[in-house]
Each structure stands twice: as structure tokens, then as C-alpha cells.
Amino acid sequence: MLCALCHANGTPGNETETVSVAAEMLGRYMPVHIDAMGNLIGDTGVEGSKILLDAHIDRIGFAVTAIDEKGFLKVARVGGIDPIVLSCAEVTVHGKQEVYGVVTSTPPHLADKGEKKARKIDEIAIDIGMSKADAEKIISVGDRITMNGDLKMMLGKRVCGAALDDRSGVASILRCLEILGDKLSSLPVRVMFSACEETGAAGAVAGGFNAEADEAIAVDVSFAKAPGTDSSITAELGKGTLIGYAPSLNFEMSRKLEEIAKRDSIKYQVEVMGSRTGTNADDIAMSRGGKKTALLSIPQRNMHTAVEIIDLDDIESTAQLMAAYILSREGKSDA
Amino acid sequence: MLELIKELSLIGGPSGREENVRKFIISKLPANAEYSVDAMGNLLVFVKGKKSAKNKVMLAAHMDEVGMIVTYITDDGLLKFSNVGGIETAALFGKRVKVGESELSGVIGVVPIHLRRGDDELKMPEKDTLCIDVGADKKEEIDGIVSLGDKVVFESDCVEFGSLLKGKALDDRAGCAVMLDMIIGGVEYDTWFAFTVQEEVGCRGAVAAAYNINPDYAVVIETTTAADISGVSGEKQVCKLGEGAVIPFMDGASVYNLDLYKLAGRLAEEKGFKMQTKTVIAGGNDARAISNSMGGVKTLTVSFATRYLHSASCVISKDDIAQMSLAVKYISEEFANA
């Protein structure tokens, strides 16, 4: 499921392909529709105090800004791709058909010796092995480009690839619905796989407006300890879902999530942020008169590269905790 | 030959660990090819031609690729490494690698862009901060799976796109493929083929290979940087994909005999193969080691124009493959009788 989600295209403003993959999966649990922003929405339609579950379905990428006279593509970022990983990276251009490309590197005889800076995005180009004339038949300005990084298992339950931000969040919500099983059809649950998070949460703003929910849980990825991260990053891969505490979140929800995790022995860690979270949670919390909002994060290394790493156990603990929380709202437990 | 290039490209064989490449090549040698392996690991092959040659001609291509070597395993199960051969640090960030004989999957990670606070997002971390992450948490998890000194190579499939081919190690498996294809197809004159080791760490194997074979003439079959990419124009492009075999008159390591260089030009015209030269003096290869060996060897280099050399994504033109074969064939035949 995660592989299919991550393989699909779906950059901000152009999420169609991944939305159709996810719609097929979400559609097994509840009626779905796509709203004006391109958000994929599912709703059980059950009356009562509703909870909204959100994960963003867009992934970072580029857009073509020009095809130069040699047939190379010039690009702009759509979302915050890390410029230092681009030299010689492999990409897919989503034109009339998918086209393979390699990001150029600075030839050694033209490089400043001891150059310590990566090239700016407007200095790189994508080599697609075509002449300008041939390229123009298939590719247009505005077409999206994604970094190649199909998922690969590492040791243990670690998995590595592109778009785990935030397709792993999408997967955790789908898994939560699977855990709820038959109970789901009588629960007031709304799901949003939101568009355009990477370019400023536009999807969450619109989708939040449309959602008459009292509570919300957003799922995104956050930083795991890795070489070079400073001591403020304490989350570890495989040690459980990250329960967020922040001024922009609902403190009681955060506490309750922690209590339930302890009660049900679900692996969790805590992430504390000083103002906003930088995720859809911030916008959802303010939407339509406000919603009580919590944030669960999946710890991740190498964010915004084609080699993001997460631990499958952390998707599972995120799903388990959401399911347990939803059941606790009804006064039911999972027992 | 495209298939041979792809198969060779996928084998993991950085300098000093060329054994799997050598085994593969040996497995493809026809019955009439006599071979030996010298003390450094060079594979020396002799093929009798239809005619015997006036001069002893040696063709050479190196089996090793640029890669990495595991220097230390941290308590957290991360691998510190050293480059083997010249890889630009920029080409390392966020790349997938394979570690050891078992080809364990790993990545060279980066501190996320969001956390590189205060620093300009373009500033590249120092190379010695890089580690290979195989997904372990503790050193103990990888005991017996990864060891100090293990070889590491980029993980990179071969991809054909447009008229081009991308793969790792095209430097110099593409050269090895040209030689192997020639051995399999048969040669006009008796010819020696040296599949050398350790080129990327100082053209070392070629020195011993040249001594062991002791040729009169040599043709080094290589890859060389093409900068015919976006934003580069004129002579700074060095050479171009699809414009044929690159035969330099001079590079960063060798000054080729001008008469030999001009001979190559005449042969290109007469025999109808595409030839170009390098318009920037840069780079170096086994030619220096060979031409300066013993009493001197008359040497030319014939190369694939290649983009993004020494990275996981070397790119050559499929159209150049045939031109390279022709160029090497005719030059070596000319040398046999010169």
C-alpha cells in the first residue's frame, strides 16, 4: 500500500494521480469525493461529534519553467526540495508521458575548486536525452517533475524512498480505518488527504473550512535523530508515534493521546514545539470557527530528499493510537 | 554490446576490489582467448588474430569504478567511509549505496533542509560529517554483516532514455565492454587486451600490465567528461555525446604524439568512423602510465564522451557505441602494422 502511494505522482496543484490511487483505497471504508482544492475527502456520514483525520497527499517536486535550446529542462521548486541532493539525481518528468531525466552536475573543469555551495535551483537543468523539438512534443512549461526513489526495505522494519513525507501519514490513516473495522460504519469520522501542504497548506485551509468537525488529528512526518542533528531532536526511528505538544495544538488532546498510549501500551514519543507546528494542524485548528486539534508525527530521517527513512512500526503505532483515541470518544475501548 | 555494458555496469567493483568484474569477463571469454591474472589482479588476455602482427599491440580498459570503503562503524550502527577515487562531495548527498559482498542497501543521509538553521540552505555539509545509514540502531545489529574495509558502490540501475544510457561505472565498464566485444567477435591481428585494476586511485594496475605485456603500441579505451549540457557553450563543452569516439591530442596527464593523433584523424576519414577531440585540456587515465613505461609505448586514448562522470549517473550516447568499436578496431589494426 505504501509503495503504491509513494510511487504515484502528485505534487502541489497536481495531485490527481496519487488522489486516484488513494481514492480507491479510502473508498473501501467510506464514501469519497474530491473537493475544489483537490483534497480527497471521505466521510462516514454518521451524525454526532465528528473527528477529522488529515494527512497531506502532495509530495515535493519541480515544475518545468523552460526547455532550453539543447533540450534540457529548466525548473522551479514546488515545495522545499533540498538543493544539496540534486547533483546527478534521477527524476521523472510528468509530461504527456513519463520521461526519465538526470539532474546535471557542474563539470569538474568548470567548478570552483573547493566549492562549498550547492547550485541554486535556477542554475541546474534536467537532462532528458532529447532535442528541444522532441521535448516540446511531450513536455510543456508547468509540467511537474518528481524525484525518483521507489521504496526499498532496509534492515529491520526501516523503509527508504521518496514521498514518505507524507504518504506514510496517509498510510497510517488507512491502517487506522482498517483497525477500526466494523466499528467504523457507526463512527462520525471524516478523512482528508489534503493537497498543497508543501506550498503553504492551501488544501488544509479549504478542507478544514468544509469540515464540520469538533476535533481533528493531523498526521505528518517529523525529524528523527540522525548524524548531524542537534540535541534538540530526540525522536528515534522505531520508538513510536510522536505525540505533539505546541501552543497551536489543543493541550488536552495531546495529554489524552499520551494517556491512551500508556493505557494501551502503544509505543510513543513526545515532540514539543514552541509556537506553531509547521503542519496542517496549525491551519485546521483555526478553520471554520476552530477545531480542537492534535498532531501525530512519524519520525523520519533525510526529510525532503529521495532517501527519506521511516520505520514501519511507527506507522503502525500511529494508526493504533488514532483508532484507540477515536473509540475512546464514544466511551468505547478497543477491548 | 549494449547488454554487455549494462551487465558490467551493475557489478560492484571499486578500486582494489575488482574481482567480481574480472570473474564476469573471464566467464565471457571464448575458448580461443588465452588469459592470465597478474599479481595486482590485472586480467591479461591474448587473442590470436587472422594474421600475425608486426608490432605488439595492447588495448587497455580499467575494471575498477569509483566507490567508497568503510572506515569505521559508530556505536549507532552508522558507517563512516572514505572515497575510493575522485567523487565530488556534491554527488554523494542523498544517494543510495550497496555495502559489502552481500550488497546491503544503504543511503548517504543529510540533515534535513529545515534544520540547517541559520546556514544558507545551499551550504554543503563537510564530507567528513557524512555517514552511510543501513537502517541499524546499534553497532551490534550489523556485526558480521558489515566489516571495516568493506567495499561500497553507488546503487544505480541502467536506464535507456532518448538516445542515451545512464548507469554507474560506465567509467570504465563501457571501455571493458568494447574490448570484450572485440575479443568475442575476433580480431584481424594478434592482440593483447589488458583489463586493468586501480586506475581510479592513480593508474596503478596499468604500470604492471604494461610491464607484463611489454607492448610497442597501446590503445587506452576510456570515458571522458562531456560538458555538452545546459548553460555550457563553445569549447568549454570539451566533447559531445553522439559525435563519436573522443581522441585527445592532449589531456591533463598525457601529451599524445601528434603524428599518432593525426593518423587517427586520417583513419576516421578513410574508414568512416566519427571522431572528435577534447577542446579542454583536462582529465587523465592509464595512457600516462602505459606510455611512460619501460622504453616508452606509442599510445592513443579513445574515449566515450560521458556526462556526470564519477557519479551514480554516468551518461553516454548509445550512438557512440558503434563508433567506439570501429575507432578501436581500425586504430589497433593500423598500429599492428605500422
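Cut-offs used in this document
- Residues numbered from 1 in each chain as written.
- Chains lettered and ligands numbered in written order.
- Predicted model: local features only at pLDDT ≥ 70, side-chain atom pairs only at ≥ 80, totals over all residues.
- Heavy atoms only, no water.
- Helix = DSSP H or I, 4+ residues; strand = E, 2+ residues; numbered from the N terminus.
- Expected span 1.5 Å × (residues − 1).
- Buried < 20%, exposed > 50% of the residue type's maximum accessible area, 1.4 Å probe, protein only.
- Contact = heavy atoms within 4.5 Å.
- Buried area = accessible area lost by both parts, 1.4 Å probe.
- Salt bridge = Lys/Arg side-chain N within 4 Å of Asp/Glu carboxyl O.
- Polar contact = N/O pair within 3.5 Å; in protein donor to acceptor, adjacent residues only side chain to side chain.
- Nonpolar A, V, L, I, M, F, W, Y, C, P; charged D, E, K, R; others polar.
- Pairing = 2+ DSSP bridges.
- pLDDT = per-residue confidence, 0-100.
- Axes fitted to C-alpha atoms, helices over the stretch in contact; angles between N-to-C directions.
- Parallel < 35°, antiparallel > 145°, perpendicular 65-115°, else oblique.
- Left-handed = near helix turned anticlockwise from the far one by under 90°.

A. Region of the structure containing helix α3 (residues 170-185) of chain B. Residues and elements named next belong to chain B. Taking 1.5 Å of rise per residue, 16 residues should cover 22 Å, and α3 covers 21 Å from first to last C-alpha, within 8% of that figure. Counted residue by residue, α3 has 13 buried out of 16 residues, so it is predominantly covered. Two residues or fewer past α3, G186 is found with a positive phi of approximately 95 degrees.

B. Focus on the interface of chain B and chain A. Counting residues at the interface gives 58 residues for chain B, matched by 58 residues for chain A. Carbon and sulfur atoms supply 61% of the area buried between chain B and chain A, which totals about 4700 Å² over both sides. The largest per-residue losses of area from chain B upon contact with chain A belong to R96(B), L122(B) and Y308(B), which jointly make up 14% of the total buried on that side. Between the two partners, chain B and chain A, sit eight salt bridges. Between D127(A) and R307(B) there is a salt bridge, with the nearest N and O atoms lying 2.7 Å from each other. Run the count over chain B and chain A and you get 22 residue pairs in polar contact (both at pLDDT 80 or more). Of all elements in the fold, only β7 (104-108), β10 (159-161) and β11 (164-167) of chain B reach the threshold of two or more residues within the side of chain B that touches chain A. Tallied by class, the residues present in the side of chain B that touches chain A amount to 28 nonpolar, 14 polar and 16 charged.

C. Spotlight on the pairing of strand β13 (residues 217-225) of chain B. Residue and element names in this part refer to chain B. Counting buried residues along β13, nine of its nine residues qualify, which places the element largely inside the surrounding structure. Pairing between strand β3 (residues 57-62) and β13: four bridges, direction parallel. Looking at β13, one finds that V57 is bridged to Y217. As judged from the nine bridges shared by β13 and strand β16 (residues 298-306), these two strands associate in the parallel manner. Across the sheet, residue T223 finds its bridge partner in β16, namely F304.

D. Structural detail: the confidence of the model for chain B. Per-residue pLDDT for chain B averages 94, and the proportion of residues at 70 or more is 99%. For this predicted complex, the interface confidence score (ipTM) comes to 0.88, while the overall pTM stands at 0.90.

E. Structural context of the environment of K95(B). Here K95(B) is to be found in the loop between β5 (78-84) and β6 (96-99). For K95(B), a relative accessible area of 7% translates into the label buried. Considering only alpha carbons, one finds K95(B) and S156(B), 61 residues apart in sequence, at a separation of 9.4 Å. Sequence-distant contacts of K95(B), that is, excluding residues within four places in its chain, are made with V85(A), S87(A), C88(A), A89(A), G106(B), V107(B), I108(B) and F154(B). From its side chain, K95(B) meets the backbone oxygen of S87(A) in a polar contact 3.0 Å long.

F. Focus on the packing of helix α5 (residues 258-271) of chain B against helix α7 (residues 319-337) of chain B. All names here are of chain B. At a minimum axis separation of 10 Å, α5 and α7 run at an interaxial angle of 120 degrees. Classified by the interaxial angle, the pair formed by α5 and α7 is oblique. Note on packing geometry: the crossing formed by α5 with α7 is right-handed. On the side of α5, the interface is formed by L260, L263, A264, L267 and K271, while α7 contributes Y330, I331, E334 and F335. The class makeup of the residues in the contact of α5 with α7 is seven nonpolar, no polar and two charged.

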